[in-house]
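Remarks on the overall topology
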Amino acid sequence: MTPPGGHPRQERPTDFFISYSPADERWASWIAWQLEAAGHRTMMQAWDFVPGTNFIDFMDRGLSEAKAVVAVLSSNYLRSRYGRLEWMAALRADPDDPARKLVTVRIEDCPIDGLLSTITYVDLVGIDDPDEARGLLMRRIEEALAGHARPQNGPGFPGPGPALPESRPPLPGRLEAADGPGGHPGGDADGPGEGEARPDPAGERPARRAPAAAPAFPAADGGGDEPREHLTVLHVSGPRFGRTLAEPGEPTTATELQDRIWSDVTRLADSGVPQPELLVVTGNITHSGSRKEFAEALSFLTSLRALLGLEAQRVVVVPGTHDVTRAACQAYFSSCEADDIEPQPPYWPKWRHYAGLFKEFYQGIDALIFDSAQPWTLFPVPDLRVVVAGLNSTLPQTHREADRYGHVGRAQAAWFNERLREFEGEGWLRLGAIEHTPISGEPGALRDPETVEMLLGGHINLFFQGAESEFGAIPLLGNGVPSVPALGPGRHQIVVMRRDGLDRWIPEDAERRGPERLEVPWSSVQGTFPPPVAETPPAPPAPELGPRTDGVVDPVPDPTARLLDRLTEACETRFERATIRRIVPPPGEDGHADPPHLLLTHLEDGFVRQYRIGAHTWVR
């Protein structure tokens with residue numbers, strides 16, 4: 001299909017390349033939608049990047065084809081390595097007039113330093129009216145396309161004589177842009193002229209994933225001051241892409257499963273079930289852990305989240321038994337045998353392809369980690385005030401049949417215990433995602449369910465598990481924490497959590513049986529589900545601490561942390577493209593923990609090298 005009066009979809013030129021951090025995808029989508037609604041052509045990672053292809057090539061193509069780059073400025077973006085490459089490339093493209101090639105939009109109150117500070121940005125911080133924000137954005141876009149800032153009203157006649165009345169409308173005209181967007185014959189830059197067909201803003205490149213409906217204005221997408229009434233989670237268990245045995249009519253490919261889930265979500269939404277705000281996939285996304293299967297899984301996750309309108313940080317994925325690449329694990333054991341060394345648990349190479357999917361799907365979100373030093377992930381979702389503990393129960397598994405069981409271990413459980421305390425203190429809802437069930441005696445149960453219950457049962461409100469339950473209903477841990485079971489490979493369900501419990505919707509039975517209800521009091525979730533104003537307890541008086549009268553205590557600086565900060569700066573200067581992470585080892589079974597240190601990873605002579613850098617301080 002060719003848009004009226006325009007190029008074929010695959011031939012339409014790109015007007016704007018949207019440069020942003022994946023953490024700010026809602027803002028980027030809103031900006032791109034406004035530009036396309038005005039007849040411009042945009043290119044952005046969430047809509048146009050094909051999973052499994054080279055991201056650097058995509059970025060280079062977008063920067064070279066686009067007439068201008070729109071950079072979405074936030075603290076996440078300013079820390080992003082790819083973001084820095086993108087806006088610097090835009091500046092180099094037109095060093096004499098950088099504001100023509102680079103349009104900056106500030107969405108967060110963050111300091112803008114260096115070269116970016118020389119460009120006047122569109123400031124959307126504190127603006128709650130989408131029409132006002134749209135007007136500011138489009139005016140700056142017009143200036144970039146025209147190459148100058150035209151005043152909204154024509155200047156008065158400078159010579160002698162009576163001045164024109166202020167109410168007189170400006171003379172008609174248009175910005176000069178012969179082939180550019182907005183420069184339509186007979187119209188101005190805001191859109192097409194009268195009687196002219198506007199290019200179809202949905203003119204899509206092949207495999208484009210633009211949202212079906214206009215994205216909500218992010219600054220106003222919080223429901224106002226009303227307390228949250230529910231949180232909706234879409235739970236998908238074990239798609240196992242690549243499996244050959246399936247029930248008749250059961251979806252087995254990414255496209256079939258994605259269409260089935262989307263149709264069920266839409267059908268339930270018509271019945272009043274809230275749209276999913278979080279997607280949880282509890283392991284076994286592949287059947288045998290092959291590279292081809294993970295490529296299909298990546299396509300499924302990327303396309304499904306686009307259909308649901310979810311950012312990548314609202315998708316939780318954990319590894320399962322079938323996601324272990326056993327051929328890679330066997331090769332690692334053989335290599336160790338050839339070198340006369342012992343294989344080191346948890347045998348990291350077995351997750352090689354899973355780690356590749358994780359890295360590409362969460363590209364640019366530095367807070368989400370899955371690597372050899374931390375083969376599990378904590379998923380904080382600040383805008384929902386929810387945190388998910390992504391537990392890895394495949395730690396002991398290898399290519400040997402005897403090792404195919406689930407185990408969390410004290411080190412992993414203690415690590416999550418320590419991190420979840422902070423979110424518990426702030427009243428965030430705390431969820432857990434795991435393949436094996438933490439319920440003792442169930443099929444597919446962990447070998448150490450008592451470890452999970454002892455260290456995490458008091459800090460996690462609700463578990464989502466990838467194993468089915470023989471009890472049918474939602475089973476409970478010994479301390480009363482529910483664990484929502486899977487329905488079977490590739491099946492899905494919607495769980496609506498409320499302040500006093502949850503509703504579990506099973507799509508196949510929704511019309512006949514309605515939801516399964518479970519009343520349970522969630523502990524310490526006042527940040528996610530604040531009580532009504534009438535129920536809010538009065539704040540206790542602040543204790544007087546020390547000689548000060550304002551109740552503020554100056555924090556004691558940690559000398560080791562300060563030294564590690566300085567070492568990080570030195571390493572960043574010495575190794576230009578290195579990845580530097582601060583490791584805080586969890587305590588062992590004896591209660592002793594190794595000191596914090598840095599893990600430096602960089603490419604040298606074609607090899608990836610890792611170094612651990614410790615710091616020790618003392619007081620004389």
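Every chain is numbered on its own, with residues counted from 1 as its sequence reads. The model is predicted, so local features are restricted to residues of pLDDT at least 70 and side-chain atom pairs to those at 80 or more, both for listing and for counting; the totals for chains, interfaces and linings are taken over all residues. With hydrogens and water excluded, all non-hydrogen atoms of the structure serve as input to the side-chain values.

Considerations on the overall build of the protein
Numbering of helices and strands runs from the N terminus, with a helix taken as a DSSP run of H or I at least four residues long and a strand as a DSSP run of E at least two residues long. When you go through the protein residue by residue, the secondary structure sums to 15 helices and 19 strands. Only protein chains enter the area calculation, which uses a 1.4 Å probe; residues under 20% of their type maximum are buried, those over 50% are exposed, and those in between are partly exposed. Counting over 620 residues, the protein shows a buried share of 48%. Note on contacts: a residue pair qualifies if any of its non-hydrogen atoms lie within 4.5 Å across the two residues. Within the protein, counting contacts between residues at least 6 apart in sequence, those at least 24 apart form 67% of the total. Surface accessibility follows the Shrake-Rupley procedure with a 1.4 Å probe radius. Residue values consider only the protein chains on display as shielding. Working note: accessible area of the protein is about 31,600 Å², and carbon and sulfur atoms make up 51% of it.

Focus: empty space enclosed by the protein
Here a cavity denotes a set of grid points, spaced 1 Å apart and computed over the protein atoms alone, in which a 1.4 Å probe fits but from which it cannot get out, and a pocket denotes an open set meeting protein on both sides within 12 Å along at least five of seven lines; residues with an atom within 4 Å of a point are reported as lining. Grid points are joined across faces, edges and corners, and a volume is the space filled by probe spheres set on the points. Tallying each qualifying case throughout the model produces four cavities of 30 Å³ or more. As a volume, the largest cavity reaches approximately 160 Å³. Lining the largest cavity are 15 residues, with Q45, T302, R305, E360 and F361 positioned closest to its centre. Taken together, the elements giving at least two residues each to the lining of the largest cavity come down to α2 (45-48), α9 (291-308) and α11 (352-361). Among the elements that take part in the lining of the largest cavity, α9 stands out by supplying three residues, more than any other.

Re the pattern of salt bridges
Here a salt bridge means any side-chain nitrogen of Lys or Arg lying within 4 Å of a carboxyl oxygen belonging to Asp or Glu. For the structure shown, the criterion picks out 24 salt bridges. Measuring nitrogen to oxygen at the nearest pair gives 3.3 Å for the salt bridge that ties D15 to K67. In this pair, D15 is assigned in the segment before β1 (16-19) and K67 in the loop between α3 (55-65) and β3 (68-73), connecting sequence segments 52 residues apart. For D15, a relative accessible area of 5% translates into the label buried. On the basis of relative accessibility, which here comes to 34%, the residue K67 falls in the partly exposed class. Here E36 and R41 are joined by a salt bridge, their closest N and O atoms 3.9 Å apart. No difference in accessibility class separates E36 from R41, as the two residues are buried. By sharing partners, the salt bridges in this structure join R26, E311, R314 and D383 into a single network.

Structural notes on the sheet that holds strand β13 (residues 483-484)
We call two strands paired when DSSP finds no fewer than two bridges between them. If you walk across this open sheet you meet the five strands as β9-β10-β11-β12-β13, and the pairing is mixed. The two strands at the open ends of the sheet, each matched to only one other strand, are β9 (377-381) and β13. Sheet analysis places strand β11 (residues 429-434) next to strand β12 (residues 462-465), joined by four bridges and oriented parallel. When the sheet's bridge partners are listed, L431 is paired in β12 with L462. Note on geometry: axes are lines fitted to C-alpha atoms, helical ones only across the stretch in contact, with angles between N-to-C directions running from 0 to 180 degrees. Across the sheet, helix α12 (residues 410-425) is in contact with β9, β10 (386-390) and β11; its angle to β9 comes to roughly 15°.

Describing the side chain of T437
Looking at the secondary structure, you find T437 in the loop between β11 and α13 (449-455). Relative accessible area serves as the criterion here: at 0%, T437 is assigned to the buried category. Two N or O atoms count as a polar contact when they lie within 3.5 Å, although within protein this holds only if one can serve as hydrogen donor and the other as acceptor, and sequence-adjacent residues are included solely when both atoms are side-chain atoms. A distance of 2.7 Å separates a polar atom in the side chain of T437 from a polar atom in the side chain of Q465. Excluding its chain neighbours within four sequence positions, the residues that come into contact with T437 are E442, P443, G444, A445, L446, Q465 and A467.

Observations regarding the packing of aromatic side chains
To describe a pair of aromatic rings, one takes the distance between the centres and the angle between the planes. Within 6.5 Å between ring centres, the rings of Phe, Tyr and Trp (the latter by its six-membered ring) count as paired, and their orientation is classed by plane angle as stacked under 30 degrees, edge-to-face over 60, tilted in between. For the structure shown, the criterion picks out 21 aromatic pairs. For the ring pair W27 and W30, a centre distance of 6.3 Å and an interplane angle of 80° mean the geometry is edge-to-face. Here W27 and its partner W30 are both found in helix α1 (residues 25-37), three residues apart, which amounts to about one turn of the helix. You can call W30 buried: its relative accessible area is 2%. Ring geometry for W348 against F370: centres 5.6 Å apart, planes inclined by 40°, an arrangement best described as tilted.

A few points about the environment of P375
As for its position among the elements, P375 is in the loop between α11 and β9. P375 sits in the buried class, given a relative accessible area of 5%. Taking the C-alpha atoms as reference, P375 lies 9.1 Å from A355; in sequence the two are 20 residues apart. Ignoring any residue separated from it by four or fewer positions in sequence, one finds P375 in contact with P346, W348, W351, F370, N392 and L395.

A short note on the packing of α1 against helix α7 (residues 130-146)
Where α1 contacts α7, the two axes come as close as 11 Å, and the packing angle between them is 65°. In this view, α1 runs roughly perpendicular relative to α7, as classed from their interaxial angle. Helix-helix and strand crossings are classified by hand; for α1 and α7 the assignment is right-handed. From α1, W30, I31, Q34 and L35 reach across to α7, where they touch P130, A133, R134, L137, M138 and I141. Residues belonging to the contact of α1 with α7 are distributed by class as follows: eight nonpolar, one polar and one charged. Roughly parallel here means an angle under 35 degrees, roughly antiparallel means over 145, roughly perpendicular means 65 to 115, and every remaining angle is called oblique. Left-handed describes a crossing whose near helix is turned anticlockwise from the far helix by less than a right angle; the clockwise case is right-handed. The nonpolar class holds Ala, Val, Leu, Ile, Met, Phe, Trp, Tyr, Cys and Pro. Asp, Glu, Lys and Arg form the charged class, and all remaining residues, Gly among them, are polar.

A few points about the sheet that holds strand β7 (residues 278-282)
Read across the open sheet, the six strands follow the order β8-β7-β6-β14-β15-β16; overall the sheet is mixed. In this open sheet, the two strands that pair with only one neighbour each are β8 (315-318) and β16 (516-519). With direction set aside, neighbouring strand axes in the sheet form an average angle of 20°. Across four bridges, strand β6 (residues 230-236) lies against β7 in parallel orientation. The residue of β7 that forms the bridge with H235 is V280. On the sheet, helix α8 (residues 254-270) packs against β6, β14 (492-498) and β15 (501-505) and is oriented at approximately 40° with respect to β14.

A look at α12
In this model α12 runs 23 Å from its N-terminal to its C-terminal C-alpha over 16 residues, within 8% of the 22 Å that 1.5 Å per residue would give. What we call the bend at a residue is the angle made by axes fitted to the seven residues finishing there and the seven residues starting there. At R419, α12 shows its strongest bend, of approximately 25°. Among the residues making up α12, those that are buried are Q412, A413, A414, W415, F416, N417, L420, F423 and E424. Along its buried surface, α12 packs onto β9, β10, β11 and α13. One or two residues past the end of α12 sits G427, with phi positive at roughly 80°. One less than the residue count of a helix, multiplied by 1.5 Å, gives the span that helix is expected to have.

What about the confidence of the model for the protein?
Looking at the protein, the pLDDT average stands at 82 and 79% of residues meet or exceed 70. Considering only residues more than four positions removed or in separate chains, one finds that residues 1-10, a stretch of pLDDT under 50, has 20 contacts. Low pLDDT, under 50, characterises residues 544-554; the predicted model gives this stretch four contacts beyond four residues in sequence or across chains. Confidence of the predictor in every single residue is expressed as pLDDT, which spans 0 to 100.

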